[in-house]
Each structure stands twice: as C-alpha cells, then as structure tokens.
Amino acid sequence: MSKKEDGPESRKSDRKPVTLITGATKGIGLGFADEFARRGHSLMLVARTRKELDALAATLTEKTGVDIYTLEADLTAGDGCEAVEAAVRDQGLFVEYLVNNAGYGLAGYFAEIEREQTLNMVDLNIRVLTDLASRFLPGMVEAGRGGILNVSSMAGMTPGPYQAAYYASKAYVNSLSAALAYETSGTGVKVGVLACGPVKTEFHSRMGAETAYYIKFLGLQDPVDVARYATDKFLAGRRLIIPGVFNMVSALAMKLTPHFALVPFIAWLLKLRGPASGQRKSHAVVSASGEVSNWEGGLTYRPEIIVRPETLDDIVRVVKDTDQYPAPVRAVGTLHSPARCSADDKGTMVDMTGMTKIVEIGEDTVTAQAGAIYIDVAEELARRGLQFHVNTEIGNVTLGAMACATTKDSSLIESSRYGQISSYVTGMKVVHPDGSVHSYTEKEHPEEIRLLRSSYGLLGIVAEVTLRVKPMTAVFVEHRIYTLAELRDAVPNLVAQNYALMMYFFPFADRIVVELRREVPDVEARGGAFGWALRNAFWRKWGPLLVLAIKRISPSVAIENALIGAFHRIMRRGMSWFIRGEHTRPDAQIIRYPDNPGPVKYVFSMWSFNEKKFFDILEGYFKFCHDYDERTGYRCDLPAVGYRIVQDRNALLSYTHDGTVISIDPAATGGEGWDDFLKEYNNFCSEHGGMPMLNQTKHLNAGQVQKAFGKRLNEFEAARRARDPNDRLLNSYFDEFLGAGGTSGELGKDAQAAASADD
C-alpha cells in the first residue's frame, strides 16, 4: 500500500497518540475504554451525552492515570465525523488506534420500519464507520503503526430476516474489515473485526428484540469479557475475532450451511414473539396532506393531524387541546375495519400503536395498554400456560379496538361461551372527551362497562384494557363437508354435542365446510400445528394469491369461474383431510397478517341472522349469489365465512343481543365489482332481518342500522350526548347512524317503526 507524502495535521507522528473509541459510554464501548486505559493508552472518547462522558473520564483517570479527552458529538450529523477529526487536530493528537464501536440495530419487518430509522441506522453502522476509517487510516499507514478495530457481529455472516438492514450493515463491516486487513499487510497497521454473538447490553431492548428466541437460546455474553478478549486478540494481530467457543462453532456452521437452509432458522431465532414489536412505523405528527389507508387499502382517510401517543398524559393533552388537535378525535389501532368508522377526513387521528405495554398478567386476567397487538399478548399468555377466551383469526388488531368494537368467533360451548372479545373485558381506563381519566371495572361499574364494550371510541379513548383469561385448554378440531340440506339437519346435533361452528360457504357448488371445535379439558394442548398453519397460510397469503393468479391467466370469465371452482373443490378436500387435531393449541388459530398486504389480500363484510331463520336465509343467499352473477357477471372469488355466536347482552349494541345468530360474511380478493356487490348484499341482509357489525360491515346506510338496533341505538346516543355534548369524538360515519335515531327525524321514525314491526 502506498504512503501519501502530505496529509492533515492529525496524521503527523509527532503528535500525542490516542486510542479513539466511538460509542464509549455504554456496553462494549465502555469495556473497550476500560481495557485500553488499563493498558496505558491515552483515550479520545466520543459519545452523544456530555454527562456520561465526563463521569467516565473522571472514573478512568482516577483508576488508571491516563489522559482522557472527550468529545460530545452526534456522528450521524452531517459534520459529525469532521468534528471528530477537528477535535483530534486541535488538541494535538494522533489517532493511533480507532475502535469503531458506535452502532445500533432495528428489529421487525423491514416494510414496517420507518424509512428514516433504517437510513439513520445504515448511516451510523456503515457511513460513519467508513468515514472515520478513511480519515485516520492514512495517518496510521504513514506512521507505520496503530490499527482499526471495527465492532461488527456474527449477524454479518448471514442474511437476517426481521433484522434485515442491521444484518446487512454488519455484512458490510465484515467485508470492509477483511479487505482493509489485506491491504495493510506489511505496513505495521492492524485491522481487525469483532464478530461477537449476543451481548448483555441495552442493544436488544432498544430495538425491541428482547422477545426474539435468540435471546433465550443463544444466551448473552458479558460486555466486559467480550471487550477484554477482543482487545487482547486485536493487539496481538488477529483479524477476525469471535469470542466464545460456541460462537466459533456457530460461525463455522453458518459458513458451511447454504442460505436456503440457514435463513429460515435465523428467521425463527429473530422473529419477534411478544408485545415489544420493535421499531414499527411511527406516524408521530404529519401534515394535513397525509393519507392513511385501512389494512386492505379499500378506504383512505385524510386527517388533519396524526398523533402517536406513548403515555396516558399524551392522550389527555390531545383530547384537551382543541386548537392543535381538531375534532373529531378518533383513536385507531391497526385499521383492519373495512367500514369507514375509524377516523374522518380532517380531524385528529390518534394512532394507539405506540402504547403496547403489557401491564400485568394475573391468574385469570391480563391488563395491557390499548395499542398492544392481540396476537402478541396471546403469545405472551401462551408462554405462561394461559390463553384468551376468544382466539379470533385476525390477530393484528389492538386490544383497545377489541374492547370497544364488535368482533366474532364461533362460540365454544364450555368455558368460553361468548364469541365477542369485548364480553371478556373486566376493566378499562378511559380518557373522556373533557380530558378526565377514569378507570371502570365490571364489578363496580357494570352499566358503564356495558356501554363501553360497544362504544367505538365515542365515549372516550380507551387507554388500557383488562381481559379475562384462562388456563390453556386443548381444542379438538375437524372439518366436514355438507350440502345445504344436509347441514340444516346436522346443525342441531352438532350443537347438542357442544361443537363450536365456523362455516365456509360455496354457493355455486351447494357445499358448506364446517369447522368443528370443542374444548378438551385436562389434556395437554399439543399437536395440530400443521393443520392450523395450513389454514392460516391460506387466508394470510396463498388463497388470495392463487385466485389472483387464476384471474390473470384466464382468457374468459367462464374459464376463470371453472378454474376457481376447481380450486375451491381442492380447498374443501384439503380442509377435511388436513386441518384436524385431537388436542390442538387454541392460540394456533390466530393469524398474524402482514401489516401491508398489497394486492395479495382478502376483503370481507359481515352480517348475522337469527339462528331459527338462518337456513332459509342461507338458501336465499345462495340464490342471491346466482341471480347476481347472472345479472352482472360478478361472483365472490373466495368462500364466504359464517360463525355461530350465542346470545350475548354484555354490550349494549351487541349483534347477538336478541338471540343466538349465525353469520354470513362474503369474502373476496376485492377489485372491480366488490363494492357494488356489497351494497346489494346489504339490502338483502336488511330485508331478512340481519344484524350488521358497525365496524365490520361496509356501505351501511342509516335506515339499515336503525332497523337493526332500534331503541338500543337511541339509548346509546343519549349516553353519548351526556358524555360528549360537544361532539369531540363523533365522526361523520357514526353521526349519520346516531342522528337517524333521534325522535325528530323522519328517517328515524320510519326505521323505528320498521324495527318495532320486526319485534
């Protein structure tokens, strides 16, 4: 390697040599500072916090007597590295050794992490490290001594799903270090790279990865031990430094294992499995021009302000500050609702996904912040041998949404009778429209809890939820295929045998697949994982993907319908053959959908019907689908789904308030014709006495809602007005329905008369 004749003053060999350590006040960097000082090296310590730098400098000076220089700097700032070089030059120093330790990681799905966070991480882990090496390596080569130790990771030896950009950044560090070590051979300069395994520092919790399995299975090394080992080996001239025999063996195994086999295992180790979900997208506050779509992309909201609270006080501030946060103020979770209930154009959207902490898990309850994701909490409960009473398929929803909106799962007849999650809510902490905070419990405030369970955020913003849980109980599951006539005869017997019923309707084949579930007490919940995984994979990705592929390749509608019909036949047989188990884990049926599904998704809408009239209505639905297809050429390309849910009066606006119901929920991949189909389907359902779900039924009108809920809607509106007289939380969607319930409106009178006639 050639030497440059001239260079900055910082390269001159007559200046005082120091070891420069970035990120020196925490973790491994702190260990390096202690090790180099103990060996008599003068230090230049760089970190972002002056207080911590001063405390460390004082401690090291007292312990070792070496000269300590400090620089408070943000290395990711545009002039951060230049400031380091200037400080070295101005104090008459020469960087003999450079320890590039500063860096951090990000955990979670790459698509969910804010782009700015990813770029900041790449900037620190790659650009800053490269910049500092470029500034100080020439001086070392010119002097013929010193060296660079880059702190990397074993992460740089493999792709790392769920920490993708971090793993890639460390691959760069490993590669650069190896190349520089070769280039500097014979110059007297050492270049080494520390490729450590997991270390016991704040690194993992800062990126939200403490729930990943690698923490549990790989263990954490002590940062002091790692720094001591790395310093010894680096000064001795080792280029690749891997502390620990286990890590050395693992590194060799990773080198020999092809990526197609290694990467799935790494993904299993890195996947987040608890409520700490890593660096998810943070909306913070955005401009009025911002657009937010619901999960499936069928709705777009244009709020004036989007705020992401992280504390209860943040919510209170938003509700109270009417100037900065205009009405309506609407709390949202992951925006899975297909109905336009979540927010409004203009107004304030309160993104609750910044509040995800599990507060307490007891013997029979769990308390968590409203933004906690249902499947995350379910997985944490499972680790303790507990489960939710309702294991709803859509696992990405937040507890706050589940606590005050309608949900649905087929009713287990034994200990988990109700099919609605809100029925198991025993307490809520609520920020009311005036900014006051109240905690309600089922025992002390039964009527308030009954109102809140179907309040849709109109009575206050739910900040914390307490839900009943129970010991993990095994579930028997199997699938049977019926014709409509056979199902009509079979259901009474199935119910008598305590089966929970979920159904898949195929109107163009006159077939129904029934998913039968029944609790199996006193048996360990195990097995059936393959069957549930197969079912979940169908709804999560492969079902919609295959249907979309069929549509793309089909030259005509007739061929498309024939191919989709054949696919449906395979689906029915597959469910009856493979999705079964004697004692499966109940939480295995919860599905973690991608947060951004793109075109590969399914869309749905929901209505329920009195069980006594259901089979006549189902026959009418099959005919409706045939007639609609003949008139328009449109048919749903995925099977409709139905659930049997027992009577439940735990919420004022419960859709099973008047008796046990069975639902018919059309599903499709969306696209042209879907919304028109739903509008006519809504008319069909309303004419047949159906009950909609206000957060799950798309394209409702005021007459349909008032006919379904009648006096209960008026009762809720009276309660809402008493608690929110200034309509701070009322958006246009609910205003249309609740306004129709007033005694002064003609629409309200007509709808009430229709509801009374039905009663």
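Preceding block: the structure.
Residues numbered from 1 in each chain as written. Predicted model: local features only at pLDDT ≥ 70, side-chain atom pairs only at ≥ 80, totals over all residues. Heavy atoms only, no water.

K.L.:
Residue-level account of the overall build of the chain, with values.
P.N.:
Helix and strand counts for the chain come out as 23 helices and 27 strands. Structurally, the chain occupies a C-alpha span of about 100 × 55 × 55 Å along its principal axes. Within the span of the chain, comprising 759 residues, buried residues form 58% of the whole. The long-range share in the chain, meaning contacts at least 24 apart out of those at least 6 apart in sequence, stands at 73%. Split by element, the accessible area of the chain, about 31100 Å² in all, is 52% carbon and sulfur. Of the side chains in the chain, 85 bear a positive and 92 a negative charge, and the two mean positions are spaced by 5 Å. (Helix = DSSP H or I, 4+ residues; strand = E, 2+ residues; numbered from the N terminus. Buried < 20%, exposed > 50% of the residue type's maximum accessible area, 1.4 Å probe, protein only. Contact = heavy atoms within 4.5 Å. Areas by Shrake-Rupley, 256 points an atom, 1.4 Å probe, with all protein chains shown as cover. Lys, Arg positive; Asp, Glu negative; His and termini not counted. Charge placed at Lys NZ, Arg CZ, Asp CG, Glu CD.)

K.L.:
Report on the pattern of salt bridges, specifying residues and quantitative values.
P.N.:
Taken as a whole, this structure holds 46 salt bridges when the rule is applied. For Asp34, the salt bridge identified is with Lys63, shortest N-O distance 2.6 Å. Within this pair, whereas Asp34 is found in helix H1 (residues 27-38), its partner Lys63 is found in helix H2 (residues 50-64), the two being separated by 29 residues in sequence. For Lys63, a relative accessible area of 55% puts it in the exposed group. Between Arg517 and Asp409 there is a salt bridge, with its nearest N and O atoms 3.2 Å apart. Placement of the pair is Arg517 in strand S21 (residues 511-520) and Asp409 in the loop between helix H13 (399-404) and strand S16 (425-431), with a sequence separation of 108 residues. (Salt bridge = Lys/Arg side-chain N within 4 Å of Asp/Glu carboxyl O.)

K.L.:
Which residues make up the sheet that holds strand S3 (residues 68-72), and what values do they have?
P.N.:
The seven strands are arranged S3-S2-S1-S4-S5-S6-S7 in an open sheet whose pairing can be described as parallel. Lying at the two open borders of the sheet, with one neighbouring strand each, are S3 and strand S7 (240-241). Direction of pairing for strand S2 (residues 43-47) relative to S3: parallel, over a ladder of five bridges. Residue pairing for S3: Val46 is matched across the bridge by Leu71. Here helix H4 (residues 115-143) sits on the sheet and contacts strand S1 (16-22), strand S4 (93-100) and strand S5 (147-151); the angle it forms with S4, its principal contact strand, is near 130°. Helix H5 (residues 164-183) rests against S5 and strand S6 (190-194) of the sheet, and its axis sits at about 155° to S6. (Pairing = 2+ DSSP bridges. Axes fitted to C-alpha atoms, helices over the stretch in contact; angles between N-to-C directions.)

K.L.:
Account for the packing of aromatic side chains, with residues named and values stated.
P.N.:
All told, the structure shown has 35 aromatic pairs when counted by the stated rule. Between Phe505 and Phe614 the ring centres are 6.3 Å apart and the planes differ by 40°, which places this aromatic pair in the tilted class. Residue Phe505 is found in strand S20 (residues 500-506), and its partner Phe614 is found in helix H18 (residues 614-632); the two are separated by 109 residues along the sequence. Since its relative accessible area comes to 0%, Phe505 is described here as buried. By relative accessible area, Phe614 is classed as buried at 0%. Ring centres of Tyr681 and Phe684 lie 6.2 Å apart, and the angle between their planes is 20°; this geometry places the pair in the stacked category. Taken together, the residues span about one helical turn, with Tyr681 and Phe684 both in helix H19 (residues 674-687) at a distance of three residues. (Phe/Tyr/Trp six-rings, centres within 6.5 Å; stacked < 30°, edge-to-face > 60°.)

K.L.:
Which residues make up the pairing of S2, and what values go with them?
P.N.:
Buried residues dominate S2, accounting for five of its five residues. Of the two faces of S2, the one holding Leu43, Leu45 and Ala47 and the one holding Met44 and Val46 are both buried throughout. Of the pairings in the sheet, the one linking S1 to S2 comprises four bridges and is parallel in character. Within S2, the position partnered with Thr19 by the bridge is Leu43. Note on the crossover from S2 through H2 to S3: the handedness is right-handed. (Right-handed = clockwise from strand over helix to strand, strands pointing away.)

K.L.:
Just give me the short version of the pairing of S5, but keep the residues and values in it.
P.N.:
Counting buried positions along S5 yields five of five residues, so the element is predominantly enclosed. Of the strand pairs in this sheet, S4 and S5 are connected by four bridges, and their pairing is parallel. When the sheet's bridge partners are listed, Tyr97 is paired in S5 with Gly147. Pairing between S5 and S6: five bridges, direction parallel. When the bridges of S6 are listed, Gly147 appears paired with Lys190. The β-α-β motif built from S5, the intervening H5 and the parallel element S6 has right-handed crossover chirality.

K.L.:
Lay out the nonpolar core in plain terms, naming residues and giving numbers.
P.N.:
Within the largest apolar cluster, 139 residues are counted, with the highest numbers of intra-cluster contacts made by Trp539, Tyr621, Phe677 and Tyr681. No other element matches the nine residues that H18 contributes to this core. Not counting chain neighbours up to four residues away, the residues in contact with Trp539 comprise Tyr504, Pro544, Ile591, Tyr593, Tyr602, Leu638, Pro639, Val641 and Ala667. Leu20, Met121, Leu180 and Ala209 belong to the second largest nonpolar core, which has 58 residues in total. (Core = buried A, V, L, I, M, F, W, Y, C linked by side-chain atoms within 4.5 Å.)

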